[in-house]
Amino acid sequence: MRYLMTAPAWFAAFAVATIGAVIRIANLGSPNSEIFDEVHYVGDANDMLTRGVEWDVIGNGPAYVVHPPLGKWMIAAGIKAFGYDSFGWRIGAAVIGVATILMITRVAHRLFGSLVLGCAAGLLMAFDGMHFVLSRSALLDIFLMFFVLAAFGALVLDRDQRRERWARFVADGGDPGASGPASRPAFAVPWWRLASAALLGCATGVKWSALAFLPALLILVMWWEIGVRRRHGARRPVLDAFLDELLWLVVCFAIVVVVYLATWSGWFLTDTGYYRHWLRDRGLSEPFFFGDLRNLIEYHHAALQFHLQLDDAHPFASPAWTWLVLGRSLPFYIDRSVPCGATDCIAEIVLLGTPLLWWSFLPALLLTAWFGVARRDWRAGAILVMSAFALVPWFFFSTRTMFYFYALPAEPFLILAVVFTLGMLASSPRGMPQDFARLQTGTVIAGAFVILVVLNFAFFFPIYSGESIPTLDWAKRMWLGNRWA
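Below is a short write-up of the structure. As the structure is a computational prediction, the values presented were derived from the model and not from experiment. (Residues numbered from 1 in each chain as written. Predicted model: local features only at pLDDT ≥ 70, side-chain atom pairs only at ≥ 80, totals over all residues. Heavy atoms only, no water.)

This brings us to the overall build of the protein chain. Each helix and strand counted, the protein chain has 19 helices and five strands in total. Compactness check: the protein chain gives a C-alpha radius of gyration of 24 Å against a globular reference of 23 Å for 485 residues, within 12% of the reference. Seen through its principal axes, the protein chain has C-alpha atoms that stretch 75 × 70 × 40 Å. For the protein chain, the proportion of contacts with a sequence separation of at least 24, taken over those separated by at least 6, is 75%. With an accessible surface of roughly 21,400 Å², the protein chain has 68% of that area assigned to carbon and sulfur atoms. (Helix = DSSP H or I, 4+ residues; strand = E, 2+ residues; numbered from the N terminus. Rg over C-alpha atoms; globule rule 2.2 N^0.38 Å. Contact = heavy atoms within 4.5 Å. Areas by Shrake-Rupley, 256 points an atom, 1.4 Å probe, with all protein chains shown as cover.)

Pasting the structure below:
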């Protein structure tokens, strides 16, 4: 995979990311007011800059918040750099949004061994409406998606590293079929796996929902470790993989916990955070460090109860089964007073994925499963595992109030499913000579699909960016009627 490090590969990835950056940063400060949940996170981020923790101005005391601090610290970084205005509080999300475009381009290039498919993945993300809107809003979910995708990318690199290690071991005369230490490569630190654990800790420090990916990454590690041992003829691939990797998995879990606790540094380093001295305020002993942890655990217990009891009706709530079919959009901003040259105008920012792209996700997942089984392709399994753990857990909380943007962490893997499918349409089965006609046809289909997604995004751009347009033109974009209005 050395070709991934070539200058043309990086140039192409940065070119795709630049396209995404231009459309995201242009007019980023408009509207010049807080939209949707910015009313919560912007104030919290600014409080953290000045006080180290979120603050309740009305009650003049620590604020009770139910999401960890890291995402708000990332919003605060933009405020610190550019000031407390709409551009300052959104630039952090925009930068991270662009970074995810660069990252998925590189991850797809690595997975599929094709610069064309890598760029296709990046362009599909760059021209997705939901990703665009959340890259221009001071909400937490874009940061969550960034860390989850980064954790997956690091784990793919860990797989490469471990396989190269085993290949060198066998090439140097090692015998995986032997017993004892002689049957495996010499000790080596799995740095990319540890990095993946740290990134998952960061993701959890943005939102707890990142924990759903912990079993997904564990499954991938064990699946790949068992696979490499079977490939090289280990006598007990399953047991050996378990025994060899157990300690590293424990270390990874510890890293997740430590990194997560580090995201609460503002709470630990001040005396004013919510429940910061829960034990002391009840007349109980509060020993150093362990007392702090006990206080934080109590805070987490209170936040968990909030999440479990969040079942209030909301006009724009959408259960998980509606996400991939775009069954309910979410208005972030609306203003009917901005002129547009017509009698009746509307400026609205609607959280809505690019329809052509999102409506391709379900068939792409089915085709990914089909091609994965038919061609025994590990990439399909990785994509499906990550997609499943991003979406399926939400189906077990059917009574909870949920919103469409909860699906954002799944988007990179859904896009990878689309690109994988396009790649399979253009390639011949493994072990067979490449069919040029098939390659040509598949390439045309892939290129046409990306172009159609770009055109579809352009059509919906006014309602993604808050451009004031005639109400009649706005209505033409409400394809599902009241479900999108």
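Taken in spatial order, the three strands of this open sheet run β3-β4-β5, and their pairing is antiparallel. Of all the strands in the sheet, just β3 (330-335) and β5 (468-470) have a single pairing partner and so form its edges. Between one strand axis and the next, the sheet turns by 45° as a mean value, whatever way the strands run. As judged from the three bridges shared by strand β4 (residues 345-351) and β5, these two strands associate in the antiparallel manner. (Pairing = 2+ DSSP bridges. Axes fitted to C-alpha atoms, helices over the stretch in contact; angles between N-to-C directions.)

What follows covers the side chain of T263. Structurally, T263 can be placed in the loop between α10 (237-262) and α11 (265-269). A polar contact of 2.5 Å, which involves the side chain of T263, links it to the backbone oxygen of Y260. Once you skip the residues sitting within four places of it in the chain, T263 turns out to touch P69, L70, W73 and G205. (Polar contact = N/O pair within 3.5 Å; in protein donor to acceptor, adjacent residues only side chain to side chain.)

The next subject is the packing of aromatic side chains. This model, assessed by the stated rule, comprises 46 aromatic pairs. With centroids separated by 5.1 Å and ring planes inclined at 70°, the aromatic side chains of F146 and F147 adopt a geometry described as edge-to-face. This pair shows no difference in class: F146 is buried, exactly as F147 is. Ring geometry for W359 versus W484: centroids 6.0 Å apart, planes at 25°, classification stacked. (Phe/Tyr/Trp six-rings, centres within 6.5 Å; stacked < 30°, edge-to-face > 60°. Buried < 20%, exposed > 50% of the residue type's maximum accessible area, 1.4 Å probe, protein only.)

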